[in-house]
Structures are given as structure tokens and as C-alpha cells.
Amino acid sequence: MTQIDHDRIRALGGTAVGTGLNAPEGFSRDVAAQIAELTGKPFVTAENKFMAQGSLDPMVRAHAALRGLAVALMKIANDMRWLASGPRTGFAELLLPQNEPGSSIMPGKVNPTQCEAMVMIAIQVLGNDSAVAFAGSQGNFELNAMRPVIINNFLHSARILADGMEKFRTFSVNGTQLNRAKIAQYVNESLMLVTALSPVIGYQNAAHIAESALANDQTLKDAAIASGHVDEETFDSVVDPISMVGHGVSGA
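So, how was this worked out
- Residues numbered from 1 in each chain as written.
- Predicted model: local features only at pLDDT ≥ 70, side-chain atom pairs only at ≥ 80, totals over all residues.
- Heavy atoms only, no water.
- Axes fitted to C-alpha atoms, helices over the stretch in contact; angles between N-to-C directions.
- Helix = DSSP H or I, 4+ residues; strand = E, 2+ residues; numbered from the N terminus.
- Parallel < 35°, antiparallel > 145°, perpendicular 65-115°, else oblique.
- Left-handed = near helix turned anticlockwise from the far one by under 90°.
- Nonpolar A, V, L, I, M, F, W, Y, C, P; charged D, E, K, R; others polar.
- Buried < 20%, exposed > 50% of the residue type's maximum accessible area, 1.4 Å probe, protein only.
- Arc of directions from axis to C-beta.
- Contact = heavy atoms within 4.5 Å.
- 1 Å grid on protein atoms, 1.4 Å probe; cavity = no way out; pocket = protein on both sides within 12 Å on 5 of 7 lines; lining within 4 Å.
- Points joined across faces, edges and corners; volume = space filled by probe spheres on them.

Mind showing me how you'd approach the packing of helix α5 (residues 113-136) against helix α6 (residues 147-173) here?
Each pair of packed helices gets described by two things: the angle between the helix axes and the distance between those axes. At a closest axis distance of 9 Å, the pairing of α5 and α6 adopts a crossing angle of 165°. One finds that α5 runs roughly antiparallel with respect to α6. The interaxial crossing formed by α5 with α6 has left-handed handedness. In terms of residue class, the contact of α5 with α6 is made up of 14 nonpolar, nine polar and one charged.

Explain helix α10 (residues 220-227) to me, please; I cannot follow it from the model alone.
Note: α-helices contain 3.6 residues per turn, so residues at a spacing of three or four share the same orientation. For α10, the complete set of buried residues consists of L220, A223 and A224. Take α10 and look down its axis: the buried residues cluster within an arc of 100°, on one side only. As for α10, its buried residues are in contact with α9 (203-215) and α11 (232-238). Note on α10: the residue one or two positions beyond its end, G228, has a positive phi of about 85°.

Mind showing me how you'd approach the environment of Q124 here?
Topologically, Q124 is positioned in helix α5. Exposure remark for Q124: the relative accessible area of 37% places this residue in the partly exposed category. Distance in space between the C-alpha atoms of Q124 and P101 is 26 Å, their sequence separation being 23 residues. With sequence-adjacent residues up to four places away left out, Q124 is seen in contact with H156 and I160.

For this particular structure, what's the right way to read the environment of V31?
Its location among the elements puts V31 in helix α2 (residues 27-39). Residues V31 and L12 lie 19 residues apart in sequence; the distance between their C-alpha atoms is 7.5 Å.

Sorry if this is basic, but what is going on with empty space enclosed by the protein here?
Over the atoms, a rolled probe matching the size of one water molecule traces out where space is still vacant. Evaluation of the coordinates by the stated rule reveals one cavity of 30 Å³ or more. Considering only enclosed or pocket space, the largest cavity measures out at about 50 Å³ in volume. In this structure, the largest cavity is lined by L96, P97, N99, N111, P112, T113, Q114, C115, F171 and S172. Going through the elements one at a time, α5 and α6 are the ones with two or more residues in the lining of the largest cavity. Broken down by element, the residue count for the lining of the largest cavity peaks at three residues, all from α5.

The analysis is restricted to geometry; functional conclusions fall outside its scope.
Written as C-alpha cells, this is what we have:
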């Protein structure tokens, strides 16, 4: 039985603790069939209503999916606000939309408000998930009476995630631009591009070039040419940042 099938099993008709005592004959099957017809989803009645009423595992799993989404969104929002830090003393690789330029003390400052809002939403969802997980653990024998707190937290998480993602996309992601000049500067100043030279001149020689570039405040290219191990033409053909991206972006 797949997870999605399990999540569509209904305990309705089990009455108090799963025995089905005093429920009309066929009630559980008829109700599940009616719900399936109304929703267009393949709901069925639980074969074991003791398990279905004593455990809220499907509800816990459902919120865990929201938690997984929140985790991914938190990383995206944090990466964006870090990459946008600056404009002169941070990374400044991204240019965020200036929705609310200026702060209470720093004129002209652009705060990553939408990113921060997304992070707070993710934090709230992670907190909700802890409550849902704890509530799911509180089944005692044939009954778990914690449904209200789980439903409340699930609906809250779903609502704030949906609203937050729409605002995040509209007011942050859609208008974010690359600061190509800053990115090019970082690439050109990177010493780790020397890795591409290792197969050509050897690891130790490549390491000495990187050390020299750092010690003498040179570009990697100047240090490499000064070392005498490579000429300009060889350096330009070997140390090509675009070719070093690999297959992760192009899929080639």
C-alpha cells in the first residue's frame, strides 16, 4: 500500500475506539464511498480502525511534507539575502528589488524584507511541525485525541507558506538581478581557479602560484605568467571559468 493510499484511509465508522460498535451495517464503507465521490479522490475505509484511530501518522507525514518545503525555502531565502548583502562591504552578487529603500537610521539602505519574511515563515512551520510530531506521539492505546492541535497547525502552516511563497516570488524573486560586474570581479580574483592548472604544470607548481598571487596581491594570471610555468596563451586556454562549471548547470 502506498503512502498516498494510506493517507486516504478513513477511520470513520469505528465509533469510540475502533470496534464499530453501534454503527449501522456498511456505514464506514458507504461514508468512504461518498467522500470519494464528493472529492474525486480514492478514499476507502480502514481495514483496521483500531490502528486508524490510535495513530495519526498520516497527518504527521502530511505536515512533514510542509516542513520539507519550509526547509528548502529557508535555504533559498537565506542564500538570497546573503548574496545580496552589501552593496560595498558584503557579497553584493545579487541586486534585490528596492521595495522598501531606507531604514530607521541608514538612509538608502535596502533591507531584504521579503527574504526575512520567508525565513520567519519557515521558522514558524518548523515550530508547528514539532507540535504536530509531539501530538502525533500522544496516541494512547486505541485513541489519539490530539487531532485538533494537528489540524490547526497544519492549516496554519499551509496558509502562511502559500501566502509567503506568493509574496516572495512577486516582490523578491521576480525582480532580483545578477550584479554581473561584481560576480566577474570575484571570478577574476579567485585563487582557486589555479585548480585547472594542476594537470598541466603539476599540483605543487600550481600551489606555489596561488601562494605567490596571495602574498604579492597579484591576479592569478599575473602570478602564473611570472612563475614561468605557463604563458598567457596557455593560461587563457586552461583557466576558463565557464568550462569549469561542469555538467551541473548545462546538463551536457
